[in-house]
Amino acid sequence: MENSVVSSDLDNGNVKKAILKNHTFILFIILACVMIIGSIFVPSLAQKGNLLNVLRLASIVGLAAIGATVVLLVGEIDLSIGSVMSLSLVAGGMMVGYGSVPALAATCLTGIVLGIINGVLVTKLKINSLMVTLGTMSVFAGFANVVTRGQSVFLYDAPFYLSLGRGYIAGIPVPVIIFLSVGILLSIMLKYTKTGKEIYFTGANTRAAWISGINTDRIKLIAYSISGLTAALAGPLLSSQTNRITPIQGVGFELSAIAVAVLGGTSLIGGKGTVIGTILGALTFQLLLNVLTLSGVGTYMEQVLKGLLLIVIVVVYQIVDKPRK
Amino acid sequence: MKRVSKLLYVLLILVMVFSVVGCGGGEKEPAQTGDNQTNTEQPAATGNEKLDALYQEVAGLQGEEALKFFEGLKDKGLSDAEILQFFIDLPLSQANEQIAKMYKDEGFEMYSKSYPKGETYNGFQWSKGSGTKITGPFSKNDLKLPFTDYVALPEGPVGDANKTYNIGVVFHGFSHPWLINWADAAKWEADRHPNVKINVQDAEFDNNKWASIMDSFIAQKVDGILVWPMVEAPTGPPVDRAVQAGIPVVSVDRTAGTQDITSRITGNFPANGAQAGMYAIWKLAQEGDLNAKVVMLRKPLGSTADAVRTGHFLKVLSYFPGIEILKSYHDTDNREEAFTNAQSALQAYPEIDIFFGTGDHEALAALEATKMANRLESRKDGKKIIFLSIDDSKEAITQVKDGLFEVNTPYTPLISDIGMRVLLNIVTKSAEMPKDVITPNIPMVTQKGDVIFGMQTQTPDQWYEYTFGPALN
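Residues numbered from 1 in each chain as written. Chains lettered and ligands numbered in written order. Predicted model: local features only at pLDDT ≥ 70, side-chain atom pairs only at ≥ 80, totals over all residues.

Quick notes on the overall build of chain B
Here comes step 1: Broken down by element type, chain B carries 16 helices and 16 strands.
Here comes step 2: Whereas a compact globule of 473 residues would reach a radius of gyration of roughly 23 Å, chain B reaches 23 Å, a difference of no more than 12%.
Here comes step 3: Considering only contacts within chain B whose residues lie at least 6 apart along the sequence, 75% involve residues at least 24 apart. (Helix = DSSP H or I, 4+ residues; strand = E, 2+ residues; numbered from the N terminus. Rg over C-alpha atoms; globule rule 2.2 N^0.38 Å. Contact = placed C-beta atoms within 7 Å.)

Structure follows, in structure tokens:
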């Protein structure tokens, strides 16, 4: 665990080393640099309206990334996040006629169920999670199209649903409030509850965790349920931006979610990472995208630079994690 | 210390990347204007003497003079169809140097020249009210196919009644409202003929999958293939392979990257762009100021729809030096991306007069982003931002009806039934089909029905039954 690494370094009295090894701290520095340097080249970056927009969009990808983080923490991966989002959105969309609340309830419930399906397949059938979720990614996406026959569900008559993605409470975009609430709750859960600690232990060494009495299957099931729920929660925030639900809304979202989680310092091999890091990762990711879009490099060049910058940041982590000779 | 210096190296790289980004910055230079000399390049003869003479006249005009010339077209004896044709074939003007440069740099001339033009098959003229109501076999949408009388084919067996004709259909997008209705129209036509069996395959926006489906149709020795090619370049070789194997291939809407295709049914991309340009100038003239700042939200780079529409739009605008293109954004036919682009434009430019979307998603995304940014009426004197939309989804036409979009220039997916009839005629050798089957231009849709440079527009209610996609309620 990252936290334990930090504390052990602190015990040795090497505070400077500990800080430099802390991914959250590094990410914070990078975020500040992006903000400062970006503002010099793109003056409109620092405008209040733009920053609120960055926060709103970061919240959507960040929510899904929190779920991805929890799954990565248990040493697994969830490639079906985008498809879970699409199918749960579509399930909720079918209920829009009954009102926003039933639609949102159906969306969240579907997300949890799909997460549980992933968890059961991984734990009970003992199939590699990469392959399981690669498969369910296709299955869920296919179902989303089958159910809707490729058609959109419009949200013009669902003001409450729309307000989730577009509204403000005390000047703060609603998605930001949802994102931070979920983030804080999960952060507390991971840090202070028995289940949270078991999540870290399971990811750090599944066999050792199992031997020490942790029901690792149950922990993985919980992780996938959380991932399903957060993917489903992110869906309405995204679809309300463009006033409609489509069966392809979540396509490709899994890659952004996993990228943000890794950017936030979560290890791909499990047991290491924090929700706070993921929150910072989402902000950095979205701010980078915003800088690139505002600077006018063009959609295709944006893709190139976005990928390059992600690689640079991950390289930084590798450099600081490398043990000293 | 070593780690700190490595970290500094990485930060240095970040600074360098931002420097590159900054240098390529989005702030465009102000539009430069040309002088008062003859502005257009020598217009190529169109073969229409009346129009060619008009192009000679308009060549030296710009701004208010060009506007007056456009306003007088009806008085020069041009019909509605001829007025639209005048704007479609209008030569590029050098009056607006920024637009002229953009037109050349992006190669719009090449797209414009290669896009099929001409008369409709057997001089077909579409009239309001004609067509056939159906329930989409795939989408279950209520649709009205406007051109079922075009290249008409009677219901019942085709060709040899004892033979089954196997037709392959490859397109992209059972998940896309425009494309699923495209597939609806093709299947509806095939289902009218009991000895026609079709196999509809969705390549899911993957050009490699598209090619492999084509190859599997060739291997199955189908009698004919109907295609919707997403982009040109990668779709040419598979079509060539089919044609070389003796299988006729007909494309509908976008064109494939080969001249050897058996037949092409093309829509009204040139008219869409020209109409959007006409409307923009007409609207600005109504407001009394021909200066405007335009943001273009565009479909994928390299797609026929984007290039032909944008090119024809810019040609009309090129006569007006007061028009400035602030920025041109591309997306991948994805409304969320278009939405992000629109948000960025609204953030970067405090003054935007016009959003031009080259497709359904783009204008709708711009509208939502503008509403969210509370910028709907952010122009000088509190005027509303002008939204120029293309593609006649029920959603878009409803926005015209509600006064949120100023105009929609319709482009319907419900033309694939024409393609199926052309293909069946070729496969059964029932009739000689031309290489290019041109579909009729459709009048633009405005809220109340206006007369724009002498051309009558239609109201949303008049066109609504022909629109595609699901209804809003």
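From this point, things continue past the structure.
Looking at the overall build of chain A
Here comes step 1: Helices and strands together make up the secondary structure of chain A, namely 15 helices and four strands.
Here comes step 2: Computed over C-alpha atoms, the radius of gyration of chain A comes to 20 Å, within 12% of the 20 Å expected from 2.2 N^0.38 for 325 residues, which places it in the range of a compact globule.
Here comes step 3: Overall, chain A is about 60 × 55 × 35 Å in size when its C-alpha atoms are taken along their principal axes.
Here comes step 4: Looking at the 325 residues of chain A, the share that counts as buried comes to 56%.
Here comes step 5: Contacts spanning at least 24 positions in sequence make up 76% of the contacts within chain A whose residues lie at least 6 apart. (Buried ≥ 20, exposed ≤ 12 C-beta atoms within 10 Å, placed from the backbone.)

As for the pairing of strand β9 (residues 323–330) of chain B
Sheet faces and side chains relate simply in a regular strand, where the side chains alternate between the two faces.
All names here are of chain B.
Here comes step 1: Most of β9 is tucked away: eight of the eight residues are buried.
Here comes step 2: Sheet topology places strand β8 (residues 292–298) next to β9; seven bridges connect them, and they run parallel. For M296, the partnering residue across the bridge sits in β9 and is S328.
Here comes step 3: Crossover connection from β8 via helix α11 (residues 304–317) to parallel β9: handedness right-handed. (Pairing = 2+ DSSP bridges. Right-handed = clockwise from strand over helix to strand, strands pointing away.)

Some points on unusual backbone geometry
Residue and element names in this part refer to chain B.
Here comes step 1: Backbone geometry at D391 places phi at a positive 85 degrees, although glycine is not the residue there.
Here comes step 2: Tracing the sequence through the fold places D391 in the loop between β11 (386–390) and α14 (394–401).
Here comes step 3: Among the residues examined, D391 registers 30 C-beta atoms within 10 Å and is labelled buried.
Here comes step 4: The backbone of K429 shows a phi angle near 55 degrees, a positive value even though the residue is not glycine.
Here comes step 5: Turning to its location among the elements, K429 is positioned in the loop between α15 (416–427) and β13 (436–438).
Here comes step 6: For K429, a count of 9 C-beta atoms within 10 Å gives the class exposed.

Here's the deal with the environment of F201 of chain A
Residues and elements named next belong to chain A.
Here comes step 1: Inspection of the secondary structure assignment puts F201 in helix α10 (residues 194–204).
Here comes step 2: Judged by the 21 C-beta atoms lying within 10 Å of it, F201 is buried.
Here comes step 3: When the C-alpha atoms of F201 and A64 are compared, they prove to be 23 Å apart, with 137 residues separating the residues in sequence.
Here comes step 4: Not counting residues within four places of it along the chain, the set of residues in contact with F201 comprises A209 and I214.

A few points about the sheet that holds β8 of chain B
All names here are of chain B.
Here comes step 1: Strand order in the open sheet formed by six strands is β9-β8-β10-β11-β12-β14, with mixed pairing between adjacent strands. Each having just a single partner strand, β9 and β14 (445–446) make up the two edges of the open sheet.
Here comes step 2: Examined bridge by bridge, β8 and strand β10 (residues 354–357) share four bridges and lie parallel to one another. Bridge pairing links V295 to F355 in β10.

Some thoughts on the environment of G357 of chain B
Residues and elements named next belong to chain B.
Here comes step 1: Structurally, G357 is set in strand β10.
Here comes step 2: In sequence terms G357 and G236 are 121 residues apart; their C-alpha atoms lie 28 Å from each other.
Here comes step 3: In contact with G357, not counting residues within four places along its chain, are L297, E362, A363, A366, L388, S389 and I390.

Some words on the domain arrangement of chain B
Residues and elements named next belong to chain B.
Here comes step 1: Partitioning chain B into structural domains gives domain 1 (62–117 + 269–409) and domain 2 (124–267 + 413–440).
Here comes step 2: Of note, the centres of domain 1 and domain 2, computed from C-alpha atoms alone, are 30 Å apart.
Here comes step 3: Between domain 1 and domain 2, the residue contacts involve ten residues of the former and eleven residues of the latter.
Here comes step 4: Residues that form the side of domain 1 that touches domain 2 fall into these classes: four nonpolar, four polar and two charged. (Domains from an automatic or database assignment. Nonpolar A, V, L, I, M, F, W, Y, C, P; charged D, E, K, R; others polar.)

Some thoughts on the nonpolar core
Here comes step 1: With 180 residues, the main nonpolar core has V61, A64 and A257 of chain A together with F355, F387 and L388 of chain B as its most contacted residues.
Here comes step 2: Ranked by residue count, the leading element in this core is helix α4 (residues 48–73) of chain A, at 15 residues.
Here comes step 3: Excluding residues that lie within four positions of it along the chain, A64 of chain A makes contacts with I81, M85, T230, A231, A234, F253 and A257 of chain A.
Here comes step 4: Core analysis: the next-biggest nonpolar cluster, separate from the first, contains 57 residues, F138, V158, F174 and I218 of chain B among them. (Core = buried A, V, L, I, M, F, W, Y, C linked by C-beta atoms within 7 Å.)

Notes on helix α7 (residues 129–148) of chain A
Residue and element names in this part refer to chain A.
Here comes step 1: Its 20 residues place the ends of α7 28 Å apart at the C-alpha level, agreeing with the 28 Å of an ideal helix rising 1.5 Å per residue.
Here comes step 2: Residues S129, V132, T133, T136, M137, F140, A141, A144, N145 and T148 constitute the buried set of α7.
Here comes step 3: Against α5 (81–93), α6 (100–124) and α13 (253–263) lie the buried residues of α7.
Here comes step 4: Within two residues after α7, R149 carries a phi angle of roughly 55 degrees, on the positive side. (Expected span 1.5 Å × (residues − 1).)

Quick look at the pairing of strand β2 (residues 142–145) of chain B
Here comes step 1: Residues L143 and L145 of chain B point to one face of β2 of chain B and are all buried, whereas D142 and K144 of chain B, pointing to the other face, are not buried.
Here comes step 2: Counting the residues between successive antiparallel strands, the hairpin from strand β1 (residues 132–135) of chain B to β2 of chain B contains six residues, one of them, K140 of chain B, with a positive phi of roughly 65 degrees.

Some points on the environment of A305 of chain B
All names here are of chain B.
Here comes step 1: Positionally, A305 belongs in helix α11.
Here comes step 2: C-alpha separation for the pair A305 and Y111, spaced 194 residues apart in sequence, amounts to 9.8 Å.
Here comes step 3: A305 has contacts with R254, F269, K299, T358 and G359, leaving out every residue within four places of it along the chain.

Topic: the sheet that holds strand β4 (residues 196–202) of chain B
Paired through backbone hydrogen bonds, the strands of a sheet run either parallel or antiparallel to each other.
Residues and elements named next belong to chain B.
Here comes step 1: In spatial order, the strands read β4-β3-β5-β6-β7-β13; together these six strands make up an open sheet with parallel pairing. Looking at the sheet topology across the chains shown, the edges are occupied by β4 and β13. Each neighbouring strand pair of the sheet contributes to a mean axis angle of 15 degrees, computed without reference to strand direction.
Here comes step 2: Here three bridges tie strand β7 (residues 263–266) to β13, and the two strands are oriented parallel to one another. Opposite I265, over in β13, you have V437 as the bridge partner. (Axes fitted to C-alpha atoms, helices over the stretch in contact; angles between N-to-C directions.)

A look at helix α12 (residues 216–239) of chain A
Here comes step 1: The terminal C-alpha atoms of α12 of chain A lie 35 Å apart, and with 24 residues this matches the ideal 34 Å at 1.5 Å per residue to within 8%.
Here comes step 2: By the criterion of burial, α12 of chain A is predominantly enclosed, with 22 of the 24 residues buried.

Some details on the confidence of the model for chain A
Residue and element names in this part refer to chain A.
Here comes step 1: Averaged over every residue, the pLDDT of chain A is 89; the share at 70 or more is 92%.
Here comes step 2: Mean pLDDT in chain A bottoms out at helix α1 (residues 2–11), which sits at 46, and peaks at α6, which reaches 97.
Here comes step 3: Note that pLDDT drops below 50 for residues 1–10; the model gives that stretch 19 contacts with residues more than four away or on any other chain. (pLDDT = per-residue confidence, 0-100.)

So, the packing of helix α7 (residues 177–191) of chain B against α15 of chain B
All names here are of chain B.
Here comes step 1: It is the contact of α7 with α15, at a shortest axis distance of 7 Å, that shows an interaxial angle of 40 degrees. Taken together, α7 and α15 sit at an angle that is classed as oblique. Seen from above, α7 lies across α15 with right-handed handedness. Of the residues in α15, those touching α7 at W182, A185, A186, W188, E189 and A190 are S416, D417, G419, M420 and R421.
Here comes step 2: When grouped by side-chain class, the residues that make up the contact of α7 with α15 number six nonpolar, two polar and three charged. (Parallel < 35°, antiparallel > 145°, perpendicular 65-115°, else oblique. Left-handed = near helix turned anticlockwise from the far one by under 90°.)

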